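Listed here are the chains, written in short residue letters.
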Amino acid sequence: MIKFLDPLDVPHEEFKEKYRDGVIKLRVNTNEAGYLFNSVLSEYVGGQANYRGLGFGGFIFGFIAIFFVGWWSLLGFAIGVAGLNLSRRHTVKSVISAALGDAETYEFLSNNRILAYQEAK
């Protein structure tokens, strides 16, 4: 069962210990976290821009290729899907790295229900 972290119940140091010991498995609300790259996650914005550019560029290429050479559009759509999947994985990695690195960021992500956890089995 997925639960949201509460910084009052699980302080930052305890959170880091539980994560490193494998007691909890983190989950990230990627839809909400995607808006934080201009503020809280600004140090990770370069990689995110690359992956999003690859994803959306692939979709645009695929859409245009439909009109000229039909089967090339599949390549463009495949690049687009791969780029968006890379973007989502980068978002998860960035949120977890930011939460582990800074107590204030951890509290922000927890309070805004962006960072959740599941107990490891």
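Our subject is the structure that appears above.
Since the model is a prediction, treat every value here as computed from it, not as a measurement.

Conventions we followed
Residues numbered from 1 in each chain as written. Predicted model: local features only at pLDDT ≥ 70, side-chain atom pairs only at ≥ 80, totals over all residues. Heavy atoms only, no water. Helix = DSSP H or I, 4+ residues; strand = E, 2+ residues; numbered from the N terminus. Buried < 20%, exposed > 50% of the residue type's maximum accessible area, 1.4 Å probe, protein only. Contact = heavy atoms within 4.5 Å. Phe/Tyr/Trp six-rings, centres within 6.5 Å; stacked < 30°, edge-to-face > 60°. Axes fitted to C-alpha atoms, helices over the stretch in contact; angles between N-to-C directions. Parallel < 35°, antiparallel > 145°, perpendicular 65-115°, else oblique.

**A short note on the side chain of S73**
Then, number 1: Inspection of the secondary structure puts S73 in helix α4 (residues 72-101).
Then, number 2: On the basis of relative accessible area, S73 is assigned to the buried category, the value being 6%.
Then, number 3: Discounting chain neighbours no more than four positions away, the residues touching S73 are G62, A65 and I66.

**A few points about the packing of aromatic side chains**
Then, number 1: All told, the structure shown has three aromatic pairs when counted by the stated rule.
Then, number 2: Ring centres 5.4 Å apart and planes at 85 degrees place the aromatic pair F63 and F67 in the edge-to-face group. Linking F63 with F67, this pair stays in helix α3 (residues 45-68), spanning four residues, or about one helical turn. Summarising the burial analysis for this pair, F63 and F67 share the class exposed.

**Observations regarding the packing of α4 against helix α5 (residues 103-111)**
Then, number 1: Relative orientation of the contacting elements α4 and α5 amounts to 125 degrees, with a least axis distance of 5 Å. Taken together, α4 and α5 sit at an angle that is classed as oblique. For the pair formed by α4 and α5, the contact residues are V95, A98, A99 and G101 on the first element and A103, T105, Y106 and L109 on the second.

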